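Next come the chains, spelled out residue by residue.
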Amino acid sequence: MIQLRDVRVVVPAPRQGDPDRVLLDDVNLDLGERRIAVIGANGSGKSTLLRLLNGLRTVTSGQVLVDGLDADKDGKAVRQKVGFIFTDPLAQLLMSTPVEDIELSLRGRIRDRKQRTARAHALLEERGIGHVAHQSIYDLSGGERQLVALTSVLSIEPAIVVADEPTTLLDLRNKLMLRRVFAELEQQVIFSTHDLDVALDAQRVIVVDGGRIIADGEPRETVDFYARAMADAVRA
Amino acid sequence: MSAHTSILGVFEPGDGWLFRTPVGMKYLLLLALALPPIFIFSWWATLAALVLVLVALLSSGLGVRKIFNFGTYIWFFLALLTVYQLIGFRLEAAFVTPGNMLLAILAARMLTLTTSTADLLDALTRGLQVLKYVRINPDGVALMVALMLRSIPFLAGSIEDARAAARARGKERNLALLLTPAVVNAVAYAQRTGEALHARGLPEDG
């Protein structure tokens, strides 16, 4: 269970004299459902909200608790519980090939080199991408890269997977494939998306606008509310 | 293969003798072959070292295409160096200067094409254990070196991308248009890498 209590995130204005920029304000959430989607316009605060959950960003005031652990104070323990998937897998993959990248994630858990390599290969095989183990990450398709990034995150066996717009850079085939993979995960998955169909895969949808939670509830109803709000904003 | 991957190449498992040689020995071999010609600065030293590196690579089962596939811009730069020296009638330097550079690249590829990053990390971590006495985490330093190696092809690719973008606008001779996006990309890359490390809890978990 993730809990956000009176969370506020503020960044200094780029120019002196301008007011500070509020990225999130007055956020109070209990995130317990197995699949939660976060939707909202560009710059609404979705990514900031998700980054708080794994300690990638810290709160200005308030508290983020992951199974009772403070994301700011117990960052290391929180990151072992919460895996994070970036929009662009190239930003996430640190090594040249998939197998090396997964081995890097496993370094802290498996000290024996041969066991580590074998485990990395096994994980890639489980995901159906064993054939790309030694290919350069730059030579993989977008879908394969995102699967490698996911495999790398899952290798540390997190209880929660947070994904920041994981399908944004994917074509339709890879998007459908990733949706299926996400649906099959045992972990709790919290993801942001601009694709309202993908949002409907969740059990709960949260709408962020201007750094505030403006809707939170059952997927169909919340997505319809958001679509209407956006249509109204365009007409205005 | 894109410039992003080509300078140091990508390791693929093999069974040649270089693949079986311990990483430390390969480091020493790399230094033994690449360093002397720089100090001797004579055509025969460069030629001899080049021949030895090529023999080592070929006898380990690496194909000519794999050995020399490190991007056209490197070949372009080597040609530029040769022409520059020839214009000054420095005939020996026209061979030795680009030759030593080619030698350094091939010697580095001798290591990177036959050693996985995981092996490099393990070897570095072992070799840097002495740093523990000055309270520096050897794992962290080894990871830093591995990331540095990974960043070289990225930065080279970034410069090539910037050049392509400048060419598309007909301004490939504008140095600012070439360097500005490359520098911005480098900073963004460093930031993204930091975030990716942080997200995985590295290096403190390592």
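Keep in mind the model is a prediction, meaning the values are calculated, not measured.

**Structural notes on the overall build of chain A**
So, step 1. Helix and strand counts for chain A come out as nine helices and 10 strands.
So, step 2. Taking 18 Å as the expected radius of gyration for a compact globule of 236 residues, we find that chain A reaches 18 Å, a close match to that expectation.
So, step 3. Oriented by its inertia axes, the alpha-carbon framework of chain A measures out at about 55 × 40 × 35 Å.

**What about the sheet that holds strand S5 (residues 69-70) of chain A?**
Residue and element names in this part refer to chain A.
So, step 1. A sheet is described by the order of its strands in space; here four strands give the open sequence S2-S1-S4-S5, paired in antiparallel fashion. Only two strands of the sheet have a single neighbouring strand rather than two, namely strand S2 (21-31) and S5.
So, step 2. As judged from the five bridges shared by strand S1 (residues 2-11) and strand S4 (residues 61-66), these two strands associate in the antiparallel manner. If you follow Leu4 over to S4, its bridge partner there is Val64.
So, step 3. Most of the contacts of helix H1 (residues 46-53) go to S2, to which it runs at about 55 degrees, and overall it touches S1, S2 and S4.

**Quick word on the confidence of the model for chain B**
Residue and element names in this part refer to chain B.
So, step 1. In this model, chain B carries a mean pLDDT of 86, and residues with pLDDT of at least 70 account for 95%.
So, step 2. Ranking the elements of chain B by mean pLDDT puts helix H1 (residues 3-6) last with 56 and helix H5 (residues 43-58) first with 96.
So, step 3. Here the prediction assigns the complex a pTM of 0.79, and the interface score ipTM is 0.78.

**Thoughts on the interface of chain B and chain A**
So, step 1. Listed by partner, the interface residues are 24 residues for chain B and 24 residues for chain A.
So, step 2. Sorting the residues of the side of chain B that touches chain A by element identifies H1, helix H9 (117-127), helix H10 (138-168) and helix H11 (175-199) of chain B as the ones contributing at least two each.
So, step 3. Per-element accounting of the side of chain B that touches chain A gives the leading share, six residues, to H11 of chain B.
So, step 4. For the side of chain B that touches chain A, the class distribution of residues is seven nonpolar, nine polar and eight charged.

**Here we look at the sheet that holds strand S8 (residues 188-192) of chain A**
Residues and elements named next belong to chain A.
So, step 1. Taken in spatial order, the six strands make up an open sheet running S6-S7-S8-S3-S9-S10, and their pairing is mixed. Looking at the sheet topology across the chains shown, the edges are occupied by strand S6 (82-85) and strand S10 (212-217). Each strand of the sheet is rotated relative to its neighbour by a mean of 15 degrees, with strand direction disregarded.
So, step 2. In the sheet, strand S3 (residues 35-39) pairs with strand S9 (residues 204-209) via four bridges, with the strands oriented parallel. Residue pairing for S9: Ile36 is matched across the bridge by Arg204.
So, step 3. Against the sheet, H1 engages S3, S6, strand S7 (160-164), S8 and S9, with an angle of about 150 degrees to S8.

**Quick word on unusual backbone geometry**
Residue and element names in this part refer to chain A.
So, step 1. Here Asp6, not a glycine, exhibits a phi torsion of approximately 45 degrees, which is positive.
So, step 2. Its location among the elements puts Asp6 in strand S1.
So, step 3. Given 12 C-beta atoms within a 10 Å radius, Asp6 is considered exposed.
So, step 4. Phi is positive for Asp67, which is not a glycine, with a value near 50 degrees.
So, step 5. For Asp67, the position within the fold is in the loop between S4 and S5.
So, step 6. Judged by the 14 C-beta atoms lying within 10 Å of it, Asp67 is partly exposed.

**Remarks on H5 of chain B**
So, step 1. In a regular helix each residue adds 1.5 Å, so 16 residues correspond to 22 Å; H5 of chain B covers 22 Å between its end C-alpha atoms and thus fits that length.
So, step 2. Where H5 of chain B is buried, its residues meet helix H2 (17-20), helix H3 (23-34), helix H4 (36-40), helix H6 (64-68) and helix H8 (91-112) of chain B.

**Quick look at the environment of Thr193 of chain B**
So, step 1. With respect to the helices, strands and loops of the structure, Thr193 of chain B is situated in helix H11.
So, step 2. Residue classification places Thr193 of chain B among the partly exposed positions, given that 17 C-beta atoms sit within 10 Å.
So, step 3. Counting along the chain gives 32 residues from Thr193 of chain B to Asp161 of chain B, while the straight-line C-alpha distance between them is 19 Å.
So, step 4. Here Thr193 of chain B is in contact with Leu94 of chain A together with Leu147 of chain B, once residues within four sequence places are set aside.

**A word on the domain arrangement of chain B**
So, step 1. With domains assigned, chain B is organised as domain 1 (1-115) and domain 2 (116-206).
So, step 2. Between the C-alpha centres of domain 1 of chain B and domain 2 of chain B there is a distance of 22 Å.

**A closer look at the nonpolar core**
As a rule of thumb, nonpolar side chains are buried together in soluble globular proteins.
So, step 1. Grouped together as the largest cluster of nonpolar side chains are 76 residues, with contacts concentrated most on Leu53 and Val162 of chain A.
So, step 2. Ranked by residues supplied to this core, first place goes to helix H6 (residues 142-154) of chain A with six residues.
So, step 3. In this structure Val162 of chain A touches Leu50, Leu53, Asn54, Val82, Phe84 and Ile190 of chain A, once residues within four positions along its chain are discounted.
So, step 4. If you look at the next biggest cluster of nonpolar residues, it comprises 20 residues, including Ala56, Leu62, Ile105 and Leu111 of chain B.

**Here we look at the packing of H3 of chain B against H8 of chain B**
All names here are of chain B.
So, step 1. For the pair H3 and H8, interaxial distance at closest approach is 9 Å and the crossing angle is 170 degrees. Our classification of the angle between H3 and H8 gives roughly antiparallel. Between H3, through Lys26, Tyr27, Leu30, Leu33 and Ala34, and H8, the contact on the second element is made entirely by Leu103, Ala104, Ala107, Ala108, Met110 and Leu111.
So, step 2. The residue makeup of the contact of H3 with H8, split by class, is 10 nonpolar, no polar and one charged.

Each value, and the rule that gives it
Residues numbered from 1 in each chain as written. Chains lettered and ligands numbered in written order. Predicted model: local features only at pLDDT ≥ 70, side-chain atom pairs only at ≥ 80, totals over all residues. Helix = DSSP H or I, 4+ residues; strand = E, 2+ residues; numbered from the N terminus. Rg over C-alpha atoms; globule rule 2.2 N^0.38 Å. Pairing = 2+ DSSP bridges. Contact = placed C-beta atoms within 7 Å. Axes fitted to C-alpha atoms, helices over the stretch in contact; angles between N-to-C directions. pLDDT = per-residue confidence, 0-100. Nonpolar A, V, L, I, M, F, W, Y, C, P; charged D, E, K, R; others polar. Buried ≥ 20, exposed ≤ 12 C-beta atoms within 10 Å, placed from the backbone. Expected span 1.5 Å × (residues − 1). Domains from an automatic or database assignment. Core = buried A, V, L, I, M, F, W, Y, C linked by C-beta atoms within 7 Å. Parallel < 35°, antiparallel > 145°, perpendicular 65-115°, else oblique.

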